[in-house]
Amino acid sequence: MNCKENCKKYQQAIEDQQEYKITIEGTPFHYTSSNTLQILNRASINTEEHIQIQKRGETLTINSSTIACMYIECKIVTLINFSGNNFVLTHSLNHYEELLNDSFFRINRQCIVNKNNIKKITSSNGKISVRLKIPKDKIVSITNSKEREFYKWIKKIPNFNEITEGIE
């Protein structure tokens, strides 16, 4: 059976609210009308704009523009939104770093920050530090190996001149 035939049968199965089974490259797929909506809903969520997290057994979809930062403390990955709410995450920072768009930067091994969460950037003794808005006035140091990449990234921030101090 070719791709067009598979698509037609799949569409008909959706319309008839029936189950539909196909095999693609040796892997069986099983669709029903009820799980099709879930599959389509998941596919429609752009991973650069939303991430999904678990909280009290529920899956929550969080718009990335509401995320202030993510950090690791005592081996626990936490997300803080701009409202100040904390969410304990189940995946590593590496996982979330791949999902987030270029509004975010991995400052060091412990922290990913949203550009809108930067209050002030300072340079002292060759070390760049970032003061965050949330958590209130938290200061995070930039890893030396990421300084150039960070500098290129912050230059794209509209209020770059207002938030930088001593950065060349």
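For the structure, see preceding data.
Here goes a summary of the coordinates provided. Note that the coordinates shown come from a computational prediction; the quantities given were computed from them, not determined experimentally. (Residues numbered from 1 in each chain as written. Predicted model: local features only at pLDDT ≥ 70, side-chain atom pairs only at ≥ 80, totals over all residues. Heavy atoms only, no water.)

### Side note on helix α4 (residues 147-154)
1) Next: Within the sequence span of α4, burial applies to E147, F150, W153 and I154. Buried residues in α4, looked at end-on, bunch into an arc of 120°, giving them a common side. Facing away from the buried side of α4, by more than 90 degrees, are the exposed residues R148 and K152. (Buried < 20%, exposed > 50% of the residue type's maximum accessible area, 1.4 Å probe, protein only. Helix = DSSP H or I, 4+ residues; strand = E, 2+ residues; numbered from the N terminus. Arc of directions from axis to C-beta.)

### Brief notes about the pairing of strand β6 (residues 76-81)
1) Next: With five of six residues buried, β6 is to be regarded as a mostly interior element.
2) Next: The pairing of strand β5 (residues 67-73) with β6 spans six bridges and is antiparallel. When the bridges of β6 are listed, Y71 appears paired with T78.
3) Next: Hairpin remark: β5 followed by β6, antiparallel, with two residues in the connecting loop; positive phi at C74, about 55°.
4) Next: Bridge analysis of β6 against strand β7 (residues 86-88) gives three bridges, and the strand direction is antiparallel. Residue pairing in the sheet places T78 in a bridge with V88 of β7.
5) Next: Taking the residues that link successive antiparallel strands as the turn, the β6-β7 hairpin has four residues, and the phi of G84 there is positive, at about 90°. (Pairing = 2+ DSSP bridges.)

### Considering the nonpolar core
Generally speaking, soluble globular proteins have nonpolar side chains that are buried together.
1) Next: Grouped together as the largest cluster of nonpolar side chains are 22 residues, with contacts concentrated most on I107, I118, I121, V130, F150, W153 and I154.
2) Next: Elements represented by at least two residues in this core include exactly β5, β8 (104-108), β9 (111-114), β10 (118-124), β11 (127-132), α4 and α5 (160-163).
3) Next: Residues I62, M70, Y96 and L100 belong to the second largest nonpolar core, which totals 14 residues. (Core = buried A, V, L, I, M, F, W, Y, C linked by side-chain atoms within 4.5 Å.)

### Some words on the layout of surface pockets
1) Next: Counted as a void, the second largest pocket has a volume near 170 Å³.
2) Next: Taken together, E97, L100, N101, D102, F104, F105, R106, I112, K146, E149, W153 and K156 form the lining of the second largest pocket.
3) Next: For the lining of the second largest pocket, the elements supplying multiple residues, two or more each, are β8 and α4.
4) Next: Counting residues per element, the lining of the second largest pocket draws most heavily on β8, at three residues. (1 Å grid on protein atoms, 1.4 Å probe; cavity = no way out; pocket = protein on both sides within 12 Å on 5 of 7 lines; lining within 4 Å. Points joined across faces, edges and corners; volume = space filled by probe spheres on them.)

### Brief notes about the environment of E73
1) Next: By the element assignment, E73 lies in strand β5.
2) Next: Each C-alpha atom, one on E73 and one on C111, is 9.4 Å from the other, the two residues being 38 residues apart in sequence.

Function-wise, these values are silent; they only describe arrangement.
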